[in-house]
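# Tertiary structure, described
Chain by chain, the residues:
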Amino acid sequence: MAEYALITAMVATLALSLATIPQSELGRRLPVTSARAQALVSKSARAADVSPAQARAVMARAPYGRAPLRYLYAEGWIGGRRNAADCVFAKATPGSTEQELAAGIRKDPRLLARLRRMKVTVAQAAEALTRGTAAAC
């Protein structure tokens with residue numbers, strides 16, 4: 001039962017952080033280029049009291065070639081640094097975490113629209129976020 005509560009809290013936190021961009025600004029703020037993704041990661045890192053330089057370095061080393069996936073990986077890492085419990089849980093049960101993240105993402109139409117515009121599937125987003133969160137430990 002405690003796992004479910006932790007997963008639900010983690011999904012809500014990640015979905016909220018990714019869906020906070022207003023719909024009217026969505027097209028302008030999508031990280032389809034590496035430079036834009038780095039700027040957004042720096043902004044998220046400062047908001048989470050994480051070193052922006054370290055967050056950009058994590059994004060540069062992300063195991064993905066496409067900028068949107070590298071961005072999601074770095075956002076997951078920032079979330080893992082901000083909340084150690086999320087990091088440990090993502091590392092211990094990556095499959096379960098990915099499934100719960102995917103279910104949470106599917107429930108948020110704004111987040112789904114944003115991912116579609118980035119040409120990222122729900123499964124890809126959940127995997128990148130989980131791997132990034134787990135890498136923060």
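So, here is what we can say about the structure in this document.

To continue, consider the state of the cysteines. Throughout the structure, instances matching the rule amount to one disulfide. The disulfide partner of Cys-87 is Cys-137, and the S-S distance across this bridge is 1.8 Å. Taken together, the residues span a long stretch of sequence, with Cys-87 in helix 6 (residues 84-92) and Cys-137 in the segment after helix 9 (122-135) at a distance of 50 residues. Assessed through its relative accessible area of 2%, Cys-87 is described here as buried.

Below, the discussion takes up the packing of helix 4 (residues 52-60) against helix 5 (residues 67-82). Closest axis-to-axis distance for the helix 4/helix 5 pair is 8 Å, and the angle between their directions is 135°. Considered as vectors, helix 4 and helix 5 are oriented oblique to each other. Both helix 4 and helix 5 take part in a crossing whose hand is right-handed. Of helix 5, the residues touching helix 4 (which contributes Gln-54, Ala-55, Val-58, Met-59 and Ala-60) are Arg-70, Tyr-71, Tyr-73, Ala-74, Trp-77, Ile-78 and Arg-81. A breakdown of the residues in the contact of helix 4 with helix 5 according to their chemical character gives nine nonpolar, one polar and two charged.

Positive phi, normally seen in glycine, also occurs at Asp-49, with a value near 60°. In this fold, Asp-49 is placed in the loop between helix 3 (34-47) and helix 4. You can call Asp-49 exposed: its relative accessible area is 73%. For Lys-119, which is not glycine, the phi torsion reads 60° and is therefore positive. Locating Lys-119 in the fold gives a position in the loop between helix 8 (109-117) and helix 9.

Reading the values: the criteria
- Residues numbered from 1 in each chain as written.
- Predicted model: local features only at pLDDT ≥ 70, side-chain atom pairs only at ≥ 80, totals over all residues.
- Heavy atoms only, no water.
- Disulfide = S-S within 2.5 Å.
- Helix = DSSP H or I, 4+ residues; strand = E, 2+ residues; numbered from the N terminus.
- Buried < 20%, exposed > 50% of the residue type's maximum accessible area, 1.4 Å probe, protein only.
- Axes fitted to C-alpha atoms, helices over the stretch in contact; angles between N-to-C directions.
- Parallel < 35°, antiparallel > 145°, perpendicular 65-115°, else oblique.
- Left-handed = near helix turned anticlockwise from the far one by under 90°.
- Contact = heavy atoms within 4.5 Å.
- Nonpolar A, V, L, I, M, F, W, Y, C, P; charged D, E, K, R; others polar.

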